[in-house]
Amino acid sequence: MAILVTGGAGYIGSHCVKILNEKGYETVVVDNLVEGHIQSLNLNETKFYKGNIADKDLLNKIFTENKIDGVIHFAAYLVVPESQSMPYKYYKNNIGATLELLNAMVENNIKYIVFSSSAATYGIPKNISVCEDDEQNPINTYGETKLAMEKMFKCFDRAHELKYVALRYFNVAGAYKTGEIGEAHNTEPHIIPIILQVANGKREKFQICGSDYNTPDGTNIRDYIHVEDLIDAHIRAFEYLKKENKSDYFNLGSGGGYSNLEILNAARKVTGHPIPCEFTERRPGDPDTLIASSEKAEKILSWKRNYQTIESIIESAWKWHKSHPNGYEK
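Numbering of residues begins from 1 in every chain and follows the order in which that chain's sequence is written. Confidence filtering applies because this is a predicted model: local features only for residues at pLDDT of at least 70, side-chain atom pairs given and counted only at 80 or more, and all residues used for totals across whole chains, interfaces and linings. To obtain the side-chain values, all non-hydrogen atoms of the structure were included, while hydrogens and water were left out.

Summarise the overall build of the protein; cite the residues concerned and give the values.
Assigned secondary structure in the protein consists of ten helices and 15 strands. Here the C-alpha radius of gyration of the protein, 19 Å, is about what a compact globule of 330 residues would show, namely 20 Å. With the C-alpha coordinates of the protein rotated into their principal frame, the extents come out at 55 × 45 × 40 Å. Burial status follows relative accessibility: with a 1.4 Å probe on protein chains alone, a residue under 20% of its type maximum counts as buried, one over 50% as exposed, and anything between as partly exposed. For the protein, the residues scored as buried account for 56% of the 330 residues in total. Should any heavy atoms of two residues lie within 4.5 Å, those residues are considered in contact. Sequence separation of 24 or more characterises 78% of the internal contacts of the protein that already satisfy a separation of 6 or more. In this description, accessible areas are obtained by the Shrake-Rupley approach with a 1.4 Å probe, and a residue is regarded as covered only by the protein chains that are shown. Of the roughly 14,400 Å² of accessible surface on the protein, 47% is carried by carbon and sulfur atoms. Charge assignment: positive for Lys and Arg, negative for Asp and Glu; neither His nor the chain ends contribute. Every charge is mapped to an atom, namely NZ of Lys, CZ of Arg, CG of Asp or CD of Glu. Once the 37 positive and 43 negative side-chain charges of the protein are each reduced to a mean point, those two points are 3 Å apart. Helix numbering and strand numbering both begin at the N terminus, where a helix is a DSSP run of H or I of at least 4 residues and a strand a DSSP run of E of at least 2. The globule rule used here is 2.2 Å times the number of residues to the 0.38 power, and the radius of gyration it is set against is calculated over C-alpha atoms.

In structure tokens form, the structure reads like this:
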């Protein structure tokens, strides 16, 4: 039996496939390669289908040709500012394509799915350390689509007993410990790789969006989790579904946070590069602080982080970026 990984050639998806294979799972990947990279996959260890999960015929082909035990679902657009200016793109892809995936799972009697949700579903939290049952009130289109997807999963569970775990991420960073795969987007939206591109000579300077947030140094505070720790939670969630046959949802974070300035200074320390910086205008739809309480995941999934410091996360990312200054391009 195999696990289908949607978006499996992307940053997080490729790490998931690699670690699943290392743990002895069979894997099947579907990715349209708009943002994913075929070079991130070992095609001797995984079966690959190029295409979009909105393609019902492709999904039926995958489910017919493979004995799929369940799905780990990463395929989605994720850039907050873009979601604000292009809501159609985000609703069509994140919700519409996921709807086709769930329908195909029901038609092919696939009962388990672990889903990549987001801290963006909380919007501006009332509590500094966000718990799973805190109010979900997104302030950007990306978060709205993720919340709508969570509600959609709940409906499919009620109607078809399709069991799911929604994992609400905070900021994911870092790279696989050997530096052989890592984060490479066509348009990079994330702070740590952007900073490291400056250290690598690929950007002139780092721009911090906003200096007047309600935080000690005026810059956003976010919770960071290493991609390998994140994947460990996905695998534990899948095993939980198989064992308990019960849907649930979990936050994944560190329980603490770092401001953009603190991330910048940590990167300067790790790389030994001065990394020039300037402040620009705020991005629309960005809350001041997002920090997760992961106590529920720690208790129920027996999950714990191996990468405990922001320096260790940045060090692994720097190992990838130094050896792959152009990402997966030669």
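Moving on from the model shown.
With reference to specific residues and values, describe unusual backbone geometry.
The phi angle at Glu161 is positive, at roughly 55 degrees, despite the residue not being glycine. Tracing the backbone through its elements, the reader meets Glu161 in the loop between helix 5 (141-160) and strand 7 (163-169). Within the chain, Ile275 stands out as a residue other than glycine whose phi angle is a positive 50 degrees. Tracing the backbone through its elements, the reader meets Ile275 in the loop between helix 8 (260-271) and strand 14 (277-280).

Account for the sheet that holds strand 6 (residues 129-130), with residues named and values stated.
Backbone hydrogen bonds hold the strands of a sheet together, and the pairing may be parallel or antiparallel. Pairing between strands requires that DSSP locate at least two bridges from one strand to the other. On the basis of which strands lie adjacent, the open sheet formed by four strands has the order 6-15-10-13 and mixed pairing. Each edge of the sheet is formed by a strand with only one pairing partner; in this case those strands are strand 6 and strand 13 (258-259). Pairing geometry for strand 10 (residues 221-222) and strand 13, over two bridges, is antiparallel. Looking at strand 13, one finds that Arg222 is bridged to Tyr258.

Pulling in residues and values, what's your account of the packing of aromatic side chains?
Geometry of an aromatic ring pair is reported as the spacing of the ring centres plus the angle between the planes. Whether two aromatic rings pair depends on their centres lying within 6.5 Å, for rings of Phe, Tyr and Trp, where Trp uses its six-membered ring; planes under 30 degrees apart make the pair stacked, over 60 edge-to-face, and the rest tilted. Evaluated as defined, the whole model comprises five aromatic pairs. Relative to Tyr164, the ring of Phe153 has its centre 5.6 Å away and its plane inclined at 55 degrees; by these criteria the two rings are tilted. In this pair, Phe153 sits in helix 5 while Tyr164 sits in strand 7, placing the two residues eleven residues apart along the sequence. Exposure remark for Phe153: the relative accessible area of 1% places this residue in the buried category. Two limits define a charge over a ring: the Lys NZ or Arg CZ must be within 6 Å of the ring centre, and within 35 degrees of the ring normal. The ring of Tyr77 is capped by Lys89, whose NZ or CZ atom sits 4.4 Å from the centre of that ring. The ring of Tyr249 has Lys296 lying over it, and the distance from NZ or CZ to the ring centre is 4.1 Å.

How would you sum up the nonpolar core? Please name residues and give values.
In this text, buried Ala, Val, Leu, Ile, Met, Phe, Trp, Tyr and Cys residues form a nonpolar core when linked through side-chain atoms within 4.5 Å. Counting 40 residues, the largest nonpolar core has Ile12, Phe74, Leu167, Tyr169, Val172, Ile231 and Leu252 as the members making the most contacts within it. When contributions to this core are tallied by element, the ones reaching two or more residues are strand 1 (2-6), helix 1 (11-22), strand 5 (112-118), strand 7, helix 7 (227-244) and strand 12 (248-252). The element contributing the most residues to this core is helix 7, with nine residues.

Any chance you could break down the environment of Glu188 for me, citing the residues and the numbers?
Tracing the backbone through its elements, the reader meets Glu188 in the loop between strand 8 (171-173) and helix 6 (191-199). Taking the C-alpha atoms as reference, Glu188 lies 9.1 Å from Val79; in sequence the two are 109 residues apart. Sequence-distant contacts of Glu188, that is, excluding residues within four places in its chain, are made with Glu183, Pro193, Ile194, Gln197 and Arg203. Within the structure, Glu188 has its side chain in polar contact with the backbone nitrogen of His190 (distance 3.1 Å). Side-chain atoms alone can form a polar contact between residues adjacent in sequence; in general such a contact is a pair of N or O atoms within 3.5 Å, and within protein one must be able to donate a hydrogen while the other accepts it.

Residue-level account of the side chain of Thr121, with values.
Inspection of the secondary structure puts Thr121 in the loop between strand 5 and strand 6. Among the polar contacts listed, one links the side chain of Thr121 to the backbone oxygen of Ser118, at a separation of 3.0 Å. A distance of 2.9 Å separates a polar atom in the side chain of Thr121 from a polar atom in the side chain of Gln136.

Let's hear about the side chain of Lys146: which residues, and what values?
Structurally, the position occupied by Lys146 is in helix 5. Beyond its immediate chain neighbours, meaning those up to four positions away, Lys146 contacts Ala76, Phe115, Ser116, Ser117, Ser118 and Thr121.

For helix 6, give the residues involved together with the corresponding values.
An α-helical turn contains 3.6 residues, so a residue and the one three or four places further along point in the same direction. Most of helix 6 is tucked away: nine of the nine residues are buried. Packing partners of the buried residues in helix 6 comprise strand 8, strand 9 (206-209), strand 11 (224-226), helix 8 and helix 10 (310-323). Gly201 sits one or two positions beyond helix 6 and adopts a positive phi of about 80 degrees.

Could you give me a rundown of the packing of helix 6 against helix 8, with the residues and numbers involved?
An axis is simply a line fitted to the C-alpha atoms; with a helix, the fit covers only the stretch in contact. Between two such axes, the angle follows the N-to-C directions and lies from 0 to 180 degrees. Where helix 6 contacts helix 8, the axes come no closer than 10 Å and their chain directions differ by 40 degrees. On the basis of the axis angle, helix 6 is oblique to helix 8. For the pair helix 6 and helix 8, the sense of crossing is right-handed. Here Ile191, Ile192, Ile195, Leu196 and Ala199 of helix 6 lie close against helix 8, whose contacting residues are Asn260, Ile263, Leu264, Ala267 and Thr271. Here the term charged refers only to Asp, Glu, Lys and Arg, the term nonpolar to Ala, Val, Leu, Ile, Met, Phe, Trp, Tyr, Cys and Pro, and the term polar to all other amino acids, Gly among them. Looking at side-chain class alone, the contact of helix 6 with helix 8 contains eight nonpolar, two polar and no charged residues. Working definition: roughly parallel below 35 degrees, roughly antiparallel above 145 degrees, roughly perpendicular at 65 to 115 degrees, and oblique for all remaining angles. What makes a crossing left-handed is the near helix being turned counterclockwise from the far one by less than a right angle; a clockwise turn instead makes it right-handed.

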